[in-house]
Amino acid sequence: VQLVESGGGLVQPGGSLRLSCAASGFTFSNYGMSWYRQAPGKERELVATITSAGGGTNYEDSVKGRFTISRDNAKNTVYLQMNSLNPEDTAVYYCRVTRSWQNYWGQGTQVTVSS
């Protein structure tokens, strides 16, 4: 299993970014996917989840209405569209899949929101 995140960077408050997570080594369309984030000095927290076919999504309260998780099973990729970013969204963002009771993580992508 391999997960590779991309799309992070430095953005001003109010800006947008789209993160991608390219998956390989498993049948992507069979598994729900999740995005997590970890800010400096804080624990990793769940941001958003999506079901295997993409029909069901859930969001952490602070990102509802601003972030959208989606997936393209033909491309084995899950996305996180982030709008109206604020400094509290600064963190390393990770995608995760749980397969055979084991969690797999990507290496993360840094998102910094600052003026």
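Look a little higher up for the structure.
Quantities reported herein were computed from a predicted structural model and do not represent experimental measurements.

Enquirer: Describe in detail the state of the cysteines, supporting the description with residues and values.
Expert: Using the criterion set out here, one finds 1 disulfide in the structure. Paired through a disulfide, Cys-21 and Cys-95 show a sulfur-sulfur distance of 1.9 Å. An S-S torsion of about 55° defines the bridge between Cys-21 and Cys-95 as right-handed. Here the residue Cys-21 occupies a position in strand S3 (residues 17-24), and Cys-95 occupies one in strand S9 (residues 91-99), the gap between them amounting to 74 residues. Its relative accessible area of 0% is what places Cys-95 among the buried residues.

Enquirer: Can you tell me about the pattern of salt bridges, naming the residues and giving the values?
Expert: Any two side chains of opposite charge can pair, so long as their charged atoms come close to each other. Applying the stated criterion across every chain, the model contains 5 salt bridges. A salt bridge links Asp-89 to Arg-66; its shortest N-O distance comes to 2.8 Å. Residue Asp-89 is found in the loop between strand S8 (77-82) and S9, and its partner Arg-66 is found in the loop between strand S6 (57-59) and strand S7 (67-72); the two are separated by 23 residues along the sequence. The buried category is assigned to Asp-89, whose relative accessible area is 1%. Connected through salt bridges with shared partners, the residues Arg-37, Glu-45, Glu-60, Arg-66 and Asp-89 form a single ionic network.

Enquirer: Can you tell me about the pairing of strand S11 (residues 109-113), naming the residues and giving the values?
Expert: Residues Thr-109, Val-111 and Val-113 point to one face of S11 and are all buried, whereas Gln-110 and Thr-112, pointing to the other face, are not buried. With 3 bridges connecting them, strand S2 (residues 9-11) and S11 associate as parallel partners. By the bridge assignment for S11, Gly-9 is matched with Val-111. Here S9 pairs with S11 via 3 bridges, running antiparallel. The residue bridging Tyr-93 from the neighbouring strand is Thr-109, located in S11.

Thresholds, definitions, all that
Residues numbered from 1 in each chain as written. Predicted model: local features only at pLDDT ≥ 70, side-chain atom pairs only at ≥ 80, totals over all residues. Heavy atoms only, no water. Disulfide = S-S within 2.5 Å. Helix = DSSP H or I, 4+ residues; strand = E, 2+ residues; numbered from the N terminus. Buried < 20%, exposed > 50% of the residue type's maximum accessible area, 1.4 Å probe, protein only. Salt bridge = Lys/Arg side-chain N within 4 Å of Asp/Glu carboxyl O. Pairing = 2+ DSSP bridges.

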